[in-house]
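Geometric and topological summary
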Amino acid sequence: MTAKPHIAFKRLPVKIIGTGSYVPERRLTNADLEKMVDTSHEWIIERTGICERRIAADDEYTSHMGTKAAQRALESCGLTPEDVDLIICATVTPDTFTPSTACYIQDALGAKNAAAFDISAACSGFLFAMKTAVQYIGTGQMRTALIIAAEKLSTVVNWEDRSTCVLFGDGAGAAVLQAATGEEGEGAVLATDIGTDGSLHDLLQIPGGGSRCPTTVENAHERLATLAMRGNEVFRHAVAHMKESAQSVIERAGLAPEDVNLIIPHQANLRIINAVASRLSIPEERVFVNIEKYGNTSAAAVAIAFDEARRSGRFTKGDNVILVTFGAGLTWSSAAIRW
Ligand code: UT7
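Residues numbered from 1 in each chain as written. Predicted model: local features only at pLDDT ≥ 70, side-chain atom pairs only at ≥ 80, totals over all residues. Heavy atoms only, no water.

**Describing helix α4 (residues 101–109)**
Just so we agree on the cut-off: Burial classification: accessible surface area is computed with a 1.4 Å probe over protein chains only, and a residue below 20% of its type maximum counts as buried, one above 50% as exposed, and the rest as partly exposed. A helix here means a DSSP run of H or I that spans at least four residues, while a strand means a run of E at least two residues long, and both kinds are numbered starting from the N terminus. Throughout, the arc means that of the directions going from the helix axis to the C-beta atoms. The contact criterion used is simple: two residues touch if any of their non-hydrogen atoms lie within 4.5 Å.
Taken together, the buried positions of α4 are Thr101, Ala102, Ile105 and Leu109. One side of α4 holds all its buried residues, which, seen down the axis, span an arc of 95°. Lining the buried residues of α4 we find α3 (62–77), β4 (86–90), β5 (115–119) and β6 (144–152).

Here you go:
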């Protein structure tokens with residue numbers, strides 16, 4: 001059999017032109033958690049780096065947070081919702097199984113020219129969405145993409161399980177991508193990486209509530225539709241895969257570790273962040289951390305951190321920024337950006 005000819009075409013370079021984020025007002029502190037489960041501020045700080053996390057109001061859904069982050073991202077680059085062709089929302093806590101959360105966000109924004117769908121890649125979802133948007137724009141299929149990561153993890157946390165409930169919070173982040181016209185530079189996505197090891201799906205999961213194990217009157221008390229994690233094992237894989245994935249985009253972007261001005265890792269555990277940075281030979285002052293304020297907001301964590309780092313001037317024009325994430329699946333993802 002003769003091999004099909006490979007069709008080569010010129011890909012358009014893609015850039016990030018805007019970012020935004022949103023976190024709910026209500027703070028849940030370590031002191032509050034001490035009153036709910038057998039834990040202590042000292043244990044949480046020492047083992048995770050988290051001081052407090054944000055919890056959405058009962059009537060504030062994932063799509064509400066995603067919409068606010070998206071509006072801020074559009075405002076930051078002067079676009080209107082009608083300019084958007086594509087909306088991708090990364091979430092593991094959708095408003096409903098169907099329609100997708102991206103559909104609710106499209107409606108709330110009034111982005112009537114956009115196709116919209118969700119991506120499920122857990123904490124790695126924002127950069128899975130980024131890579132997907134890069135493909136659509138790079139091949140000329142879409143002009144303007146809005147990627148959003150939004151999570152209301154407080155609805156899938158078992159508030160009686162101290163080994164997980166101290167870790168997670170709610171929030172959303174977003175970015176706007178377009179084809180780069182003119183000179184290469186500001187916001188250019190230089191390289192992206194995504195990866196998966198589905199054989200380790202049971203290390204971190206929400207086992208119930210789906211078609212494998214629907215919630216029934218009989219099993220409802222078992223809280224199967226909440227997050228379950230084998231933390232130690234996840235920790236080990238997180239450090240190894242985040243290091244490898246970040247290294248691959250650093251190399252493919254033609255950079256050395258000393259060229260990296262800022263690394264923005266998934267905010268799951270300060271000890272994981274420090275271990276990854278140290279293995280990449282990136283010093284502490286070039287690592288962005290906001291875990292103390294929000295805990296682990298899954299897909300939203302790296303998106304919120306990216307927006308906060310940009311708005312606070314932690315990176316500026318010409319800087320090389322590395323985003324790297326890790327999550328359930330197992331999944332991992334990275335992006336190298338020249339701002
Ligand atoms: O976002 C997706 C990726 N997620 C991650 O990357 C998370 C990865 N894992 C982790 O961050 C850490 O494994 C945890 C923060 C979840 C746990 O930290 P650890 O140092 O691995 O603790 P451990 O699970 O080994 O537990 C150590 C001890 C245990 O007690 P014994 O058996 O030694 O007596 C736990 O029962 O700490 C106990 N413990 C707690 N104590 C006080 C567990 N949770 C708590 C708690 N407060 N909240």
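**Some thoughts on the pattern of salt bridges**
To keep it simple, the criterion reads: We count a salt bridge whenever a side-chain nitrogen from Lys or Arg sits within 4 Å of a carboxyl oxygen from Asp or Glu.
Applying the stated criterion to the full structure yields eleven salt bridges. Measuring nitrogen to oxygen at the nearest pair gives 3.1 Å for the salt bridge that ties Lys293 to Glu308. Placement of Lys293 in helix α9 (residues 291–294) and of Glu308 in helix α10 (residues 299–311) is noted, with a sequence separation of 15 residues between them. Through salt bridges with shared partners, one network takes in Asp202, Arg230 and Glu233.

**Some remarks on α3**
This is how the line gets drawn: Under the convention used throughout, the expected extent of a helix is 1.5 Å for every residue step, that is, one less than its residue count.
With 16 residues, α3 ought to run about 22 Å at 1.5 Å a step, and its terminal C-alpha atoms sit 23 Å apart, in line with that. What α3 keeps buried is the set Thr62, Ser63, Met65, Gly66, Thr67, Ala69, Ala70, Ala73 and Leu74. Where the residues of α3 are buried, they touch β1 (14–22), α4, β6 and β7 (170–179). Once α3 ends, the next one or two residues include Gly78, with phi positive near 70°.

**Structural notes on the packing of α3 against α4**
Put simply, the test is: Lines are fitted to the C-alpha atoms to define the axes, a helix being fitted only along its stretch in contact, and any angle between axes, read from their N-to-C directions, falls within 0 to 180 degrees. Note that the term roughly parallel is reserved for angles under 35 degrees, roughly antiparallel for angles over 145, roughly perpendicular for angles of 65 to 115, and oblique for everything else. Crossing handedness is read from the near helix: turned anticlockwise from the far helix by less than a right angle, it gives a left-handed crossing, and turned clockwise, a right-handed one. Following the grouping adopted for this structure description, the nonpolar residues are Ala, Val, Leu, Ile, Met, Phe, Trp, Tyr, Cys and Pro, the charged ones are Asp, Glu, Lys and Arg, and the polar ones are all others, Gly among them.
Interhelical geometry of α3 versus α4 gives an angle of 55° and a closest axis separation of 9 Å. Of the possible angle classes, the one that applies to α3 and α4 is oblique. α4 is crossed by α3, and the crossing has right-handed handedness. Contacts between α3 and α4 involve Thr62, Ser63, Gly66, Thr67, Ala70 and Gln71 from the first element and Thr101, Tyr104, Ile105, Ala108 and Leu109 from the second. Of the residues contributing to the contact of α3 with α4, the split by class is five nonpolar, six polar and no charged.

**Notes on the side chain of Asp319**
Here is the rule: A positive count includes Lys and Arg, and a negative count includes Asp and Glu. His and the chain ends are not counted in either. As used in this structure description, the phrase polar contact means that two N or O atoms lie within 3.5 Å; if the pair is within protein, one of them must be able to donate a hydrogen and the other to accept it, and residues adjacent in sequence are counted only when both atoms belong to side chains.
Position of Asp319 relative to the elements: it lies in the loop between α10 and β12 (320–327). Although Asp319 is buried, it forms no salt bridge, and the closest oppositely charged side chain is Arg314 at an N-O distance of 8.5 Å. A polar side-chain atom of Asp319 sits 2.9 Å from the main-chain amide nitrogen of Thr316. In contact with Asp319, not counting residues within four places along its chain, are Asn261, Arg314, Ile337, Arg338 and Trp339.

**Things to note about the site of the ligand**
This is how it is decided: For this purpose, a residue is taken to be near a molecule or strand whenever a single non-hydrogen atom of the residue falls within 4 Å of it. Exposure was quantified through the Shrake-Rupley algorithm and a 1.4 Å probe, taking into account, for residues, occlusion by the shown protein chains and nothing else.
Around the ligand there are 24 residues in total, and Thr39, Arg47, Asn232, Asn269 and Asn296 lie nearest to it. At 3.3 Å from an oxygen atom of the ligand is found a side-chain nitrogen or oxygen belonging to Trp43. Calculation on the ligand without its partners gives an accessible area of 950 Å², and the protein chains cover 73% of this total. At the level of elements, α2 (41–48), α6 (162–165), α7 (231–252), α8 (270–279) and β12 are the ones that each hand at least two residues to the shell around the ligand. Per element, the largest residue contribution to the shell around the ligand is four residues, and it comes from α7. Residues belonging to the shell around the ligand are distributed by class as follows: eleven nonpolar, nine polar and four charged.

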